[in-house]
Amino acid sequence: MKKLIFALFLLVSITFVQNVNAQSGYKNAAGLFIDVGNGGTFVGPSIKHYFNPKDALQGMIIFGNGATVLGAEYSYNAPIRNANGLMWNIGIGPQVLLADHYSDFIVRPSLGLEYKIPGAPLDFGFDWRPWWTVTHGSHFEAGRFGLGLRFVIN
């Protein structure tokens, strides 16, 4: 199942390669996403695609604690004045946690910073990403953070 999900993720990632110019200095980036905080650590591949200079979609498949999380997030992005390559973002998106004997639907708001190194194909993101489980009893976990380490594709 995990191999099928990963293959689907790669196919969707390749489909996202388009010719849109984003203010961040890139259109598409792929890499590693790390989700840490209360409740364990999840790690896996992610991709971020800019539809225009301010609107982006990030997709991820992260693994940890015997579970797999599939997620997508819309984010609004804006540059920080006089800070070349640094942007702030705010977003929200659905995620599904799949474990051996259960699954959960999760809503993930996010607020963070992204830094694209000028002249290098590297991008870093750091977000506050609370976790709100809306199935199996509503549960809100505020102590969650994300770290994105991405290689710029184009």
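Residues numbered from 1 in each chain as written. Predicted model: local features only at pLDDT ≥ 70, side-chain atom pairs only at ≥ 80, totals over all residues. Heavy atoms only, no water.

### Brief notes about the confidence of the model for the protein chain
Defined as follows: A score between 0 and 100, pLDDT records how confident the predictor is in each residue. Only heavy atoms enter the contact rule, under which two residues are in contact if any of them lie within 4.5 Å.
Mean pLDDT for the protein chain: 87, with 84% of residues reaching 70 or above. Note that pLDDT drops below 50 for residues 10-23; the model gives that stretch 25 contacts with residues more than four away or on any other chain.

### Some points on the pattern of salt bridges
Defined as follows: Any carboxyl oxygen of Asp or Glu within 4 Å of a side-chain nitrogen of Lys or Arg constitutes a salt bridge here. Runs of H or I in DSSP of at least four residues are treated as helices and runs of E of at least two as strands, each being numbered from the N terminus. Exposure classes here rest on a 1.4 Å probe applied to the protein chains alone. A residue is buried below 20% of its type maximum, exposed above 50%, and partly exposed in between.
Here the structure, examined in full by the defined rule, presents seven salt bridges. Asp35 is the partner of Arg129 in a salt bridge, and the nearest nitrogen-oxygen pair spans 3.6 Å. Here Arg129, found in the loop between β7 (122-128) and β8 (131-133), pairs with Asp35, found in strand β1 (residues 28-37); they are 94 residues apart in sequence, far enough to count as distant. Classification of Arg129 by relative accessible area gives buried; the value is 0%. On the accessibility criterion, Asp35 (0% relative accessible area) is buried. Three or more residues are tied together by salt bridges with common partners; here these are Asp35, Glu73, Arg108, Arg129 and Arg144.

### Comments concerning empty space enclosed by the protein
Condition: Lining residues are defined by having an atom within 4 Å of a point belonging to a cavity or pocket. Those points lie on a 1 Å grid over the protein atoms alone, cavities being sets where a 1.4 Å probe fits but cannot get out and pockets being open sets with protein on both sides within 12 Å along at least five of seven lines. Grid points are joined across faces, edges and corners, and a volume is the space filled by probe spheres set on the points. Three residue categories are used. Nonpolar comprises Ala, Val, Leu, Ile, Met, Phe, Trp, Tyr, Cys and Pro, charged comprises Asp, Glu, Lys and Arg, and polar comprises the others, including Gly.
If you walk through the whole model with that rule in mind, you get one cavity of 30 Å³ or more. The computed volume of the largest cavity comes to approximately 120 Å³. Elements represented by at least two residues in the lining of the largest cavity include exactly β4 (67-79), β6 (103-116), β7 and β10 (144-152). Classifying every residue of the lining of the largest cavity gives four nonpolar, six polar and five charged.

### As for the pairing of β10
Test applied: In this scheme, strands are said to pair when DSSP sees at least two bridges between them.
Of the two faces of β10, the one lined by Arg144, Gly146, Gly148, Arg150 and Val152 is fully buried and the one lined by Phe145, Leu147, Leu149 and Phe151 carries no buried residue. Looking at chain direction, β1 and β10 are connected through nine bridges and run antiparallel. Along β10, the bridge assignment pairs Phe33 with Gly148.

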